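# Examining the three-dimensional arrangement
Here is what each chain is made of, one letter per residue.
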Amino acid sequence: MAATKLLTVSIALAALSAAAAAIGIGFWRRKTRADEEKIRELEKSLKAALQNCGAERQGRIRAQQALRKVANTNDSNNSYPLTPIAITRSCFSTRNGTPRQPLIVPLARACLVFDPTRVPPASLEGLEGYSHCWIIYVFHLNTDLDKLWKHPSRSKFKAKVRVPRLKGERMGVFATRSPHRPCPIGLTVAKIDAVDGNKVFISGVDLVDGSPVLDIKPYLPYCDSIPTAMVPDWVKADNMLAITSVNFSHDFSASLNSCWSRKMEKKKKKKNEISLYTSSTEFQNLIQQVLSWDIRSVSQRIRPHKTENSSMNSVTLEDDDSQEELHCPDDIVYHLSLEGLDISYKIDYDGNVHVEKIDPCVPN
């Protein structure tokens, strides 16, 4: 009797376990089917989203192609989205005195101030790892910019320009680095001194203050440097623009210290004022480096004229057709504007520069 009861209980337990297992399997199957349905719905949504993205991309491509097609059909009004991304704050207040080539005046400094609404500071991250950079900018002080807006038949564009190294002889504009070009875009290289937020401090510049910057790119020696590059013989004539010596008057240093002190006091009162030089001694070294090259225009060297009360802007080179070689009288006074200060100097017959005095520039 006891054995019969034990067998009955065992059978009941086995039946109960089987029932529980069946219930668990059914629940797992129902849960799996629900998950599969969700996965299928998500896959459908993803497929639809990808199709929409593809359609939008194709739409953008077609719109861009149509825009280019319309632009190309009107040759007189071709335009591209070239907007300055930075402004140059340079030690060179005017074109006159700005070096004709980069890196020949190591102490020539500038700061590229980037527009944070167009160029986030993160865009400059990593630039400090390079020693030099290329800068693409606009010759915004060209006196013939208004001509470039006219039709080519009326722009009076000159295919040849006067070359300083050739004593005013003409050369094809694309064989020179003249700023007077069909597209007034300049390319220069500079040493990177520091990157601070939206500012890039550079040196060895040939940029005038206010130059709009279109782009900067890191200088790569392995592909940007060409040791086997060749240039015409007239380009090698560096002594054509070299100065014999630069001498300062006895009271120049005292005058510079006085002007420098007043300049620094004014800078302290202004917020966010950029300082490129730390002392008057460093600034005097800059003057010496700039004047170590003959910064006068071709017109001033060929046919010199007094500039004591004249504008400090350089003369347009193409307007002078004279080929006569004249020497500079000792009484001609020239001017150099740096950091808002006016430096007066003379050049004698032997190519010696005599720096006479320094004064604050008179606002135009």
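Residues numbered from 1 in each chain as written. Predicted model: local features only at pLDDT ≥ 70, side-chain atom pairs only at ≥ 80, totals over all residues. Heavy atoms only, no water.

## A few points about the overall build of the protein
Cut-off, in case you're wondering: The helix count covers DSSP runs of H or I at least four residues long, the strand count covers runs of E at least two residues long, and both are numbered beginning at the N terminus. Exposure classes here rest on a 1.4 Å probe applied to the protein chains alone. A residue is buried below 20% of its type maximum, exposed above 50%, and partly exposed in between. Contact between two residues is taken to exist if any of their heavy atoms lie within 4.5 Å; hydrogens are not considered. Accessible surface area values rest on a Shrake-Rupley calculation with a 1.4 Å probe, where residue burial reflects the displayed protein chains alone.
What the protein contains, in helices and strands, is five helices and 12 strands. Burial statistics for the protein: of 364 residues in total, 33% are counted as buried. Once local pairs closer than 6 in sequence are excluded, the contacts in the protein between residues at least 24 apart make up 72%. By element, 57% of the accessible surface of the protein is carried by carbon and sulfur atoms, the whole surface being about 23200 Å².

## Considering the confidence of the model for the protein
Just so we agree on the cut-off: A residue's pLDDT is the predictor's confidence in that residue, given on a scale from 0 to 100.
Chain-level pLDDT for the protein is 82 on average; 79% of the residues reach the 70-or-more range. Across residues 2–10 the pLDDT falls below 50, and counting only partners more than four positions away or on other chains, this stretch makes zero contacts in the model.

## Considerations on the packing of helix H3 (residues 252–269) against helix H4 (residues 280–290)
Where we set the bar: Axes here mean lines fitted to C-alpha atoms, for a helix over just the part in contact, with angles spanning 0 to 180 degrees between N-to-C directions. Working definition: roughly parallel below 35 degrees, roughly antiparallel above 145 degrees, roughly perpendicular at 65 to 115 degrees, and oblique for all remaining angles. For a crossing to be left-handed, the near helix must be turned anticlockwise from the far one by less than a right angle; the clockwise case is right-handed. Any residue that is not Ala, Val, Leu, Ile, Met, Phe, Trp, Tyr, Cys, Pro, Asp, Glu, Lys or Arg is counted as polar, Gly included; the first ten are nonpolar and the last four charged.
Relative orientation of the contacting elements H3 and H4 amounts to 120 degrees, with a least axis distance of 10 Å. Considering their axes alone, H3 and H4 lie oblique with respect to each other. Our pair here, H3 against H4, has a crossing hand that is right-handed. Counting all contacts with H3, which are made through Phe-252, Ser-253, Leu-256, Asn-257 and Trp-260, the residues of H4 involved are Ser-280, Phe-283, Gln-284 and Ile-287. Tallied by class, the residues present in the contact of H3 with H4 amount to five nonpolar, four polar and no charged.

## Topic: the sheet that holds strand E6 (residues 185–196)
The following threshold applies: For two strands to be treated as a pair, DSSP must find at least two bridges joining them.
Spatially, six strands are ordered E1-E2-E7-E6-E3-E8 in a closed barrel, and the strand pairing comes out antiparallel. On average, each strand axis in the sheet is inclined to that of its neighbour by 45 degrees, with strand direction left out of account. With five bridges connecting them, strand E1 (residues 86–90) and strand E2 (residues 109–114) associate as antiparallel partners. Bridge assignment links Ile-87 to a residue of E2, and that residue is Val-113.

## Re unusual backbone geometry
In this structure, Leu-103 is a non-glycine residue whose phi angle is positive, near 70 degrees. Within the fold, Leu-103 resides in the loop between E1 and E2. Phi at Glu-339 is positive, roughly 50 degrees, even though this residue is not glycine. Mapped onto the fold, Glu-339 is located in the loop between strand E10 (334–338) and strand E11 (341–347).

## Some words on the sheet that holds strand E9 (residues 245–248)
Two orientations exist for strands paired in a sheet by backbone hydrogen bonds: parallel and antiparallel. Judged by pairing direction, the sheet is mixed, and its four strands sit side by side in the order E9-E12-E11-E10 without closing on themselves. One side of each edge strand has no neighbouring strand; the edge strands of this open sheet are E9 and E10. Averaged over all pairs of adjacent strands, the angle between their axes in this sheet comes to 35 degrees, without regard to strand direction. As judged from the four bridges shared by E9 and strand E12 (residues 352–360), these two strands associate in the parallel manner. Residue pairing for E12: Asn-247 is matched across the bridge by His-354. Each of E9, E11 and E12 is contacted by H3, which is oriented at about 35 degrees to E12, the strand it contacts most.

## A closer look at the side chain of Asp-348
The line we're drawing: In the analysis that follows, any N or O atom pair within 3.5 Å is treated as a polar contact, provided that within protein one partner can donate a hydrogen and the other can accept it, and provided that, for residues neighboring in sequence, both atoms belong to side chains.
Mapped onto the elements of the fold, Asp-348 is located in the loop between E11 and E12. Side-chain polar atoms of Asp-348 contact the backbone nitrogen of Asp-350, separated by 3.0 Å.

## A few points about H4
Among all positions of H4, only Ser-280, Glu-282, Phe-283, Gln-284, Leu-286, Ile-287 and Val-290 are buried. Of the surrounding secondary structure, the elements contacted by the buried residues of H4 are E2, E9, H3, E10, E11 and E12.

## What about the nonpolar core?
The following threshold applies: In this description, a nonpolar core means a group of buried Ala, Val, Leu, Ile, Met, Phe, Trp, Tyr and Cys residues linked to one another through side-chain atoms lying within 4.5 Å.
With 53 residues, the main nonpolar core has Ile-135, Phe-283 and Leu-286 as its most contacted residues. A per-element tally of this core places H3 first, with five residues. For Phe-283, the contacting residues outside a window of four places in its chain are Leu-256, Trp-260, Tyr-277, Leu-338, Glu-339, Leu-341 and Ile-358.

## What to know about a positive patch on the surface
As a reminder, the rule being used: Patches in this entry comprise residues that are over 30% relatively accessible and not in a salt bridge; like charges within 9 Å are linked, as are nonpolar side chains (Val, Leu, Ile, Met, Phe, Trp, Tyr) within 5 Å. By definition, a salt bridge exists where a carboxyl oxygen of Asp or Glu is found within 4 Å of a side-chain nitrogen of Lys or Arg. In this tally Asp and Glu are treated as negative and Lys and Arg as positive; neither His nor the chain ends contributes. All charge positions are set by atom: Lys at NZ, Arg at CZ, Asp at CG, Glu at CD.
A grouping of Lys-147, Lys-150, Arg-154, Lys-156 and Lys-158 is seen on the molecular surface, where their side chains present a positively charged patch. Counting through the fold element by element, Lys-150 comes out in the loop between strand E3 (132–138) and strand E4 (160–162). Lys-150 sits in the partly exposed class, given a relative accessible area of 38%.

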